[in-house]
Amino acid sequence: MKKSKFNIVGKPVIRQDGLEKVTGQAKFADDINYPNQLYGVMVRVPVAHAKIRSIDYSAIENHPALTTICDANDIPGAKKVGPIKQDQPIFCYQKIVTPGDVVAMLVGESEEELLRLRELVNVEYEPLPVLTDPRKALEPDAPLIHPELGSNLVIHHPLRKGDVEKGFAESDYILEQTYTTPFIEHAYIEPEAVIAIPREGNKGVHIVGSIQNPYTTRKVVAAVLGWPLAKVRIQQAELGGSFGGKDDIMNILSARAAVAALKTGRPVKIRYRREESIQESYKRHAYYMHYKVGFTREGKIKAMKIDIIADGGAYSSMTPFVTWRTVVQATGPYEIENVWTDVRGVYTNNPYAGAMRGFGSPQPIFAQESIMDEIAVQLGMTPDEIRRINGFRSGSITATGQKLEKHDVNVLTVLETAVRETDFARRWRENQQQTKKRLDLAALEEAAANPGPFILHKEDFLEPEEVLRKGIGLAVSFRGTSLGAEGVDAVAAYLSLQQDGSAYLLSGLAENGQGMRTTYSIIAAEVLGLRPEDIYYLDLDTGYVGDSGPTVASRATLMGGGATKVAAETLRQRLEKVLRRHWNLPETTNFVFADRTVYPENQPDRKIAFAELCNLAYWEGVNLATIGWYSGPKVHWDESVGQGPAYFTYVYGCQVAEVTVNLSTGEVYVERVVAVHDPGTVINLLGAQGQVYGGVTQGAGYGLWEEISVDQGFIRELNFDQYLIPTSKDIGEIVPIFVEGEERYGAWGAKSLGEPTLELTAAAIANAVRNATGRRFHHLPLNLEEILLGRKLYPTSKRGSV
Amino acid sequence: MDESKKPKAISRRKFIKGVGTGIVGTYVVPSALSAIGKEEKKGPKEDWIPISLTVNGKKVRVKVEPRMTLAELLREELELTGTKVVCNRGECGGCTVVLDGKAVYSCHILALDADGKEVLTVEGLMQGEALHPLQEAFWEKDGLQCGFCTPGQIMAAYALLKRRPRPSVEEIKEGMSGNLCRCAAYPKIIESVQAAAEKMAGRSS
Ligand code: FES
Ligand code: FES
């Protein structure tokens, strides 16, 4: 019913950028070349932690294939950068702190030649002890990654609410468990690429690349060059996926390209192959999570104590913000009186970790939702019952002391919808009763160790139903939308109507492939009674529209949608004014804008074509361009106790996973995921479905296959033969269901969806596997080894695996 | 897990190209040849070998460096950038083109081996102004997000439909499982292939 008030919003609208993309015409960064262009190739040192003594280029200096070499000495401005702490060098000059580090860049016309030459650069270094276990990072004798900081602690977020000791004393049961999650690679299908073009005279530098946050990139490049922001123009090429991953790495590559372009006076391109991309780019944080929960016989949680270590790797990047979201959401969407949480982000010599879709939530959700199911099992309840007892309702107080109000607090609504849709409780109970016969691994191992006459009898063979077990599991979450207390939250959108009724639109946020352009075009079209295809979305260039902050935290729809609506409404009012004058209508006349026409609400027959109205306004000299500005309400936060209204609003989701586990191979097959989300109003139905498919699939990858494992700081999985991401065959059916809750912010209350869809899936799958096997797995991913042996296997340089 | 994702024994390409390894293992960027290749005078081209092939219906005669892959030939020499290189290792299908009617990973085939053959890339699908039914279907059914994997998906689907004009969902899943999509538009990719099959059946009848 809510939908009836819209003409286009919520309907399936095909994407704006579809034509270029299906014809191969879309220009991604590496598809763009400039005349006279050079390439940059990185010089690295195969060591995880070392002091740099000297870099000797004498073997290659005079080689004809080398145009120039850039290193830290060529940087006129900031030698180190970073979004929060400036601890990451553009080119390393004091220390190497992780194997992805770069000490210099060779510049020349032939990448192949440069790759040969880089082997001849002689870097003398003094190896230092390597720190790879984040749990040891804060021990007194741990090697310091950045000695000047005096500690390996990047950030500590405490949260103190109520009295946990009292809460535990009042509990009938106490459960303590430890969970871990690995580093994860974004694996955007397009590897990094950027070109810096020096501009004539004093015009600065122009950068085109696979850049997620052009304004952030501009800040970094300007700082590195020591220039004013306005001299650096960043243009986003078509982006082949990002998922939070084309931020820091692209800022640094852009800065390197800019330094080289200015040094040589020629365009310089840097493009990474997959191996180099995985080696140098940042990851999703690996987490070590200890949970202690006290609850009553009736299932009420009385207290929760949480200790989390996040492996930030070699540089701080977004670690303080990522872990901040963790501390806000670590207790899940549950009312808990007494909470004591510590989240610490630390430095190690591992690859650095930063923003990735989910941003500090997939990890604690895996732990907290696993524990909720353990509590249910212990109390003989079903997973939905335990969540019904503790779940947020309207007016609930969160762990940070925030009262949830003034929007639909839909935790239980999404839960009930998912439970109904899947007949959850009945099936869950049935699976719990499955025959308990399991593969006797100990006997198998013994048999293998004592090979006697190995004769198999009929009873040694398992029936298929004993090998293939069904399981069903669910997970629930709440998620703060946009930046919250993480940063300034304001977005610009530029809208310009042309004389013939067509329009240009551009927001300061960046299209990352998620369909944002289409969403904004729908919003503008809805307000102005146009069709989305009447709106031409411009390429994002920092020269055109105000700094709108980063495209992160699923803020694109909420904030950018809000700004677009403001812009469209401003122009609509101007047009209404023109029409009132033209037709001599009273001030109070309301108009309907629909189907490219405009008419007074009470005179549907008196129509004017939208194009004609624009033409009229044009000849009256009315300004038909505007910049819409949308800023989020202020939020405040007490850092010392982790209390305050962290985000101005929240979204809610529940996913149910149905799996089959093969007990003899350890394989988990995801048959079906029902994903129920409340993203507020759905603007772009096709886009929203796409977000669910994408998020659930990536979440399943997180749950079952994906892992960046590190050996002495070195990543083992450098390409898709080792780093396994889901294919079309790996997941059965995904069923998106939207519950559109009321919300006062954004465009008609449209909030966010990209991240909520990802954060739940691994947890739901783990709970389904528990339901199928009767065993709880504490370490992602639940790959074959984990299910079969209860541990991970890694290839070693020697024969066999450890 | 499907075949294409299993770790492989040393591949032919890796074998051929596994010289000059940097710290990134077999990291070699042969496409840098473009810089030499485009301006004939600059690079020593003595060891380059002339081949002729048909690309998108046009006869092409070109000299190739012996180690150059078909993907590099297309992207760097012929400037057909619709074909993407994603893993450069025969693992993802991003570089899929149709060679003599079959879908192949162009990063995994030497340009030399395309001598005398017929190559079809995403740029060759349109008939004048008209989109190919597969292109129409991927657009209408939203079989993409970022679109970087899309040319490869479309070309894989093209070969699949050639082989099986009315594939079942299972056959589509199987047939397309060599093409990774990190945006995971899979359900809509499958719908797109089905829709295209219907369109094509309708048009030919
Ligand atoms: S780029 Fe050729 S298969 Fe991945
Ligand atoms: S659409 Fe982005 S990888 Fe497939």
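Conventions adopted
- Residues numbered from 1 in each chain as written.
- Chains lettered and ligands numbered in written order.
- Predicted model: local features only at pLDDT ≥ 70, side-chain atom pairs only at ≥ 80, totals over all residues.
- Helix = DSSP H or I, 4+ residues; strand = E, 2+ residues; numbered from the N terminus.
- Buried ≥ 20, exposed ≤ 12 C-beta atoms within 10 Å, placed from the backbone.
- Contact = placed C-beta atoms within 7 Å.
- Pairing = 2+ DSSP bridges.
- Axes fitted to C-alpha atoms, helices over the stretch in contact; angles between N-to-C directions.
- Nonpolar A, V, L, I, M, F, W, Y, C, P; charged D, E, K, R; others polar.
- Expected span 1.5 Å × (residues − 1).
- Parallel < 35°, antiparallel > 145°, perpendicular 65-115°, else oblique.
- Left-handed = near helix turned anticlockwise from the far one by under 90°.
- Core = buried A, V, L, I, M, F, W, Y, C linked by C-beta atoms within 7 Å.
- Domains from an automatic or database assignment.

### Re the overall build of chain B
Reasoning step 1: Regarding its fold elements, chain B presents 7 helices and 5 strands.
Reasoning step 2: Walking chain B from its N terminus toward its C terminus, one meets helices and strands in the order α-α-β-β-α-β-β-β-α-α-α-α.
Reasoning step 3: Among the 205 residues that make up chain B, the fraction classed as buried is 56%.
Reasoning step 4: Taking the contacts inside chain B whose residues are at least 6 apart along the sequence as the reference set, 59% of them involve residues at least 24 apart.

### Overview of helix α4 (residues 133-140) of chain B
Reasoning step 1: The buried fraction of α4 of chain B amounts to 7 of the 8 residues, a majority that puts the element mostly inside the structure.
Reasoning step 2: Taken as a whole, α4 of chain B has its buried residues at Pro133, Leu134, Gln135, Ala137, Phe138, Trp139 and Glu140 of chain B.

### Structural notes on the sheet that holds strand β15 (residues 286-295) of chain A
All names here are of chain A.
Reasoning step 1: Pairing is mixed across the open sheet formed by 5 strands, whose spatial order is β9-β17-β16-β15-β10. One side of each edge strand has no neighbouring strand; the edge strands of this open sheet are β9 (153-161) and β10 (173-181). Across the sheet, the mean angle separating the axes of adjacent strands is 5° when strand polarity is ignored.
Reasoning step 2: Across 10 bridges, β15 lies against strand β16 (residues 301-311) in antiparallel orientation.

### What to know about the interface of chain B and chain A
Reasoning step 1: Counting residues at the interface gives 59 residues for chain B and 56 residues for chain A.
Reasoning step 2: By residue number, the principal contributor to the side of chain B that touches chain A is helix α7 (residues 186-204) of chain B, which donates 5 residues.
Reasoning step 3: Here the residues of the side of chain B that touches chain A sort into 34 nonpolar, 13 polar and 12 charged.

### Details of helix α15 (residues 556-583) of chain A
Every α-helical turn comprises 3.6 residues, leaving residues that sit three or four positions apart pointing alike.
Reasoning step 1: The terminal C-alpha atoms of α15 of chain A, which comprises 28 residues, lie 39 Å apart, in line with the 40 Å expected from a rise of 1.5 Å per residue.
Reasoning step 2: Just downstream of α15 of chain A lies asparagine 584 of chain A, where phi reads positive at about 55°.

### Overview of the packing of helix α14 (residues 516-528) of chain A against α15 of chain A
Residues and elements named next belong to chain A.
Reasoning step 1: Relative orientation of the contacting elements α14 and α15 amounts to 30°, with a least axis distance of 9 Å. Overall, the two elements α14 and α15 adopt an arrangement that is roughly parallel. Crossing handedness for the pair α14 and α15: right-handed. The segment α14 lies against α15, with Met516, Thr519, Tyr520, Ile523, Ala524, Val527 and Leu528 engaging Ala556, Thr557, Gly560, Gly561, Thr564, Lys565, Ala568, Glu569 and Arg572.
Reasoning step 2: When the residues that make up the contact of α14 with α15 are grouped by side-chain class, the tally is 8 nonpolar, 5 polar and 3 charged.

### Structural notes on the nonpolar core
Within soluble globular proteins, side chains that are nonpolar tend to cluster in buried spots.
All names here are of chain A.
Reasoning step 1: Ala257, Ala524 and Ile765 are the most contacted members of the largest nonpolar core, which has 300 residues in total.
Reasoning step 2: Top contributing element to this core by residue count: helix α5 (residues 248-264), with 10 residues.
Reasoning step 3: Each residue touching isoleucine 765, except ones within four places of it in the same chain, is listed here: Gly473, Ala657, Val659, Val668, Val670, Ala700, Gly703, Leu704 and Leu782.

### Some points on the domain arrangement of chain A
All names here are of chain A.
Reasoning step 1: Its domain assignment divides chain A into domain 1 (2-25 + 490-631), domain 2 (32-128 + 196-271) and domain 3 (401-479 + 648-789).
Reasoning step 2: Taken together, the 16 residues of domain 1 in the interface contact 16 residues of domain 2.
Reasoning step 3: Broken down by class, the residue content of the side of domain 1 that touches domain 2 amounts to 4 nonpolar, 8 polar and 4 charged.

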